[in-house]
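Residue-level structural notes
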Amino acid sequence: MAANTDDVRESVSKDIATLQQEVSRLQKMISAQGTEAYYEVRDRASKAYEDALPRAKGAVANIRAESVAAAGAAREHAAATTTALALAGAIGFLAGYLLSGSQQPPRHWWE
């Protein structure tokens, strides 16, 4: 009986050692795949950044030029700019007033 128990223990020990080796092999494989995926994603992000950078710089330059042009036009036509802003404010105020009047008055707790 003791010999049979020793055989079972030895067999289980071999199985455990085999499983540990398999787990180690799987960990190495997963690590290699993770590293490969990391470098692939990093390269794609770098390429996307390099592709987008010139377009972003161009967009910033266009926005800057348009804002300078708008500021220059506002300076040249100060009266028209003031009138347009005042008109926009008046329309906004009127719209807010009309929309607030269409709602029911608030009910208070003392009513």
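Residues numbered from 1 in each chain as written. Predicted model: local features only at pLDDT ≥ 70, side-chain atom pairs only at ≥ 80, totals over all residues. Heavy atoms only, no water.

1. Quick look at the overall build of the chain
Put simply, the test is: Only DSSP runs of H or I reaching four residues or more are called helices, and only runs of E reaching two or more are called strands; each is numbered from the N terminus. Only the C-alpha atoms count toward the radius of gyration. The rule for a globule is 2.2 Å times the residue count to the power 0.38. Values of accessible area rely on a 1.4 Å probe in the Shrake-Rupley scheme; residue burial ignores everything except the protein chains shown. Residues scored as positive are Lys and Arg, those scored as negative are Asp and Glu, and His as well as the terminal groups of each chain are ignored. To locate a charge, take atom NZ for lysine, CZ for arginine, CG for aspartate or CD for glutamate.
Within the chain one finds two helices and zero strands. For a compact globule of 111 residues, the expected C-alpha radius of gyration is about 13 Å, and the chain comes in at 37 Å, more than 25% above that figure. With the principal axes as the frame, the chain shows a C-alpha extent of 105 × 60 × 15 Å. Surface exposure of the chain reaches about 10,200 Å², of which carbon and sulfur atoms provide 63%. In the chain, which carries 12 positive and 13 negative side-chain charges, the distance between the mean positions of the two groups comes to 8 Å.

2. Quick notes on the pattern of salt bridges
The following threshold applies: Any carboxyl oxygen of Asp or Glu that lies within 4 Å of a side-chain nitrogen of Lys or Arg is treated as forming a salt bridge with it. Categorising residues by exposure relies on relative accessible area from a 1.4 Å probe, with only protein chains included: less than 20% of the type maximum marks a residue as buried, more than 50% marks it as exposed, and the intermediate range marks it as partly exposed.
With the rule as written, the count across this model stands at four salt bridges. The closest approach of N and O atoms between E40 and R44, which form a salt bridge, is 2.8 Å. Of this pair, E40 and R44 both sit in helix α1 (residues 2-76), four residues apart, which is roughly one turn of that helix. Of the residues examined, E40 reaches a relative accessible area of 38% and is grouped as partly exposed.

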